[in-house]
Amino acid sequence: MPELPEVEVLRRSLEPRLVGRRVERVEGLAPALREPLARRPLAALAGRRFVALGRRAKYLLADLEGGRTLVVHLGMSGRLTLVPGGSPREVHEHLAFHLDSGERLRLRDPRRFGLAYAAPTAALASDPHLAHLGVEPLSPEFDGARLAAAAAGRRGPVKSFLLDGRAIAGVGNIYACEALFRAGIRPDRSVARLAPARWERLAGALVEVLEEAIRAGGTTLNDFADGAGREGLFQVALSVYGRTGEPCPRCGRPVRRRELAGRGTYDCPGCQR
Ligand SMILES: [Zn+2]
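Residues numbered from 1 in each chain as written. Predicted model: local features only at pLDDT ≥ 70, side-chain atom pairs only at ≥ 80, totals over all residues. Heavy atoms only, no water.

**Here we look at the domain arrangement of the protein**
And step 1. By the assigned domains, the protein splits into domain 1 (4-126) and domain 2 (144-267).
And step 2. On a C-alpha basis, the centroid separation for the pair domain 1 and domain 2 is 28 Å.
And step 3. Counting residues at the interface gives 18 residues for domain 1, matched by 18 residues for domain 2.
And step 4. Summing both sides of the interface, domain 1 and domain 2 together bury roughly 1500 Å²; the carbon and sulfur share of this comes to 63%.
And step 5. Taken together, the links from domain 1 to domain 2 amount to zero salt bridges.
And step 6. Where domain 1 touches domain 2, the interface holds two residue pairs in polar contact (both at pLDDT 80 or more).
And step 7. For the side of domain 1 that touches domain 2, the secondary structure elements donating two or more residues are α1 (4-18) and β5 (79-83).
And step 8. With ten residues, the single largest contributor to the side of domain 1 that touches domain 2 is α1.
And step 9. When grouped by side-chain class, the residues that make up the side of domain 1 that touches domain 2 number eight nonpolar, three polar and seven charged. (Domains from an automatic or database assignment. Contact = heavy atoms within 4.5 Å. Buried area = accessible area lost by both parts, 1.4 Å probe. Salt bridge = Lys/Arg side-chain N within 4 Å of Asp/Glu carboxyl O. Polar contact = N/O pair within 3.5 Å; in protein donor to acceptor, adjacent residues only side chain to side chain. Helix = DSSP H or I, 4+ residues; strand = E, 2+ residues; numbered from the N terminus. Nonpolar A, V, L, I, M, F, W, Y, C, P; charged D, E, K, R; others polar.)

As structure tokens, then:
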């Protein structure tokens, strides 16, 4: 499933090609992604130009003229790509924006957990999908103190905390495992028992791993590709995620896989305390 770095890679790849283009026609090719498209009519975006492409957590926010924003979430398997106008329609192509450049911005999503809707730009702060998102890890105000404050009064494993989007926006399973490895923290360590210095190390590790993944074009484990269809390369740099039994890159002990709150969790029993 695409995580924050993949959505940021997608944003950066689409931005220069999309901003300034006008939507000529919107085609809803199949009903029903996660939310019925009809309830928030995307057709109202026709005739408007894209003016900016932003991101909040794993949501892409494409602002258009006239104060409208196209909100897209890729769910488990969504792909948003810009293709030449004559490109054949693909299976699972749910939505197509025909642009004045002749190109087509298309959303395909075989598993249909994705989401696409239009909302007034001025009302995004109170949008039901966006309003409760936690601190953005790549924002300037993100640090150990911010992270510790988000965990105040909580208990439970630090890894589950990292996966809670109401606390921290957009960190999924892969990057939570990798950041905890880099910070030397056991995934099942209680958030109530982390000292300030360890929160600081964890915040630094999160930023580092997310930024490295963005530079590598994201992690392609099953279905991710950027706006031009290119796959990411960060999977080769993963230290523990998906590497059960392989030697830890630091101490050589075998990487361990356990279930934690129902999610496959990878760590090094030697390096993470
Ligand atoms: Zn180790």
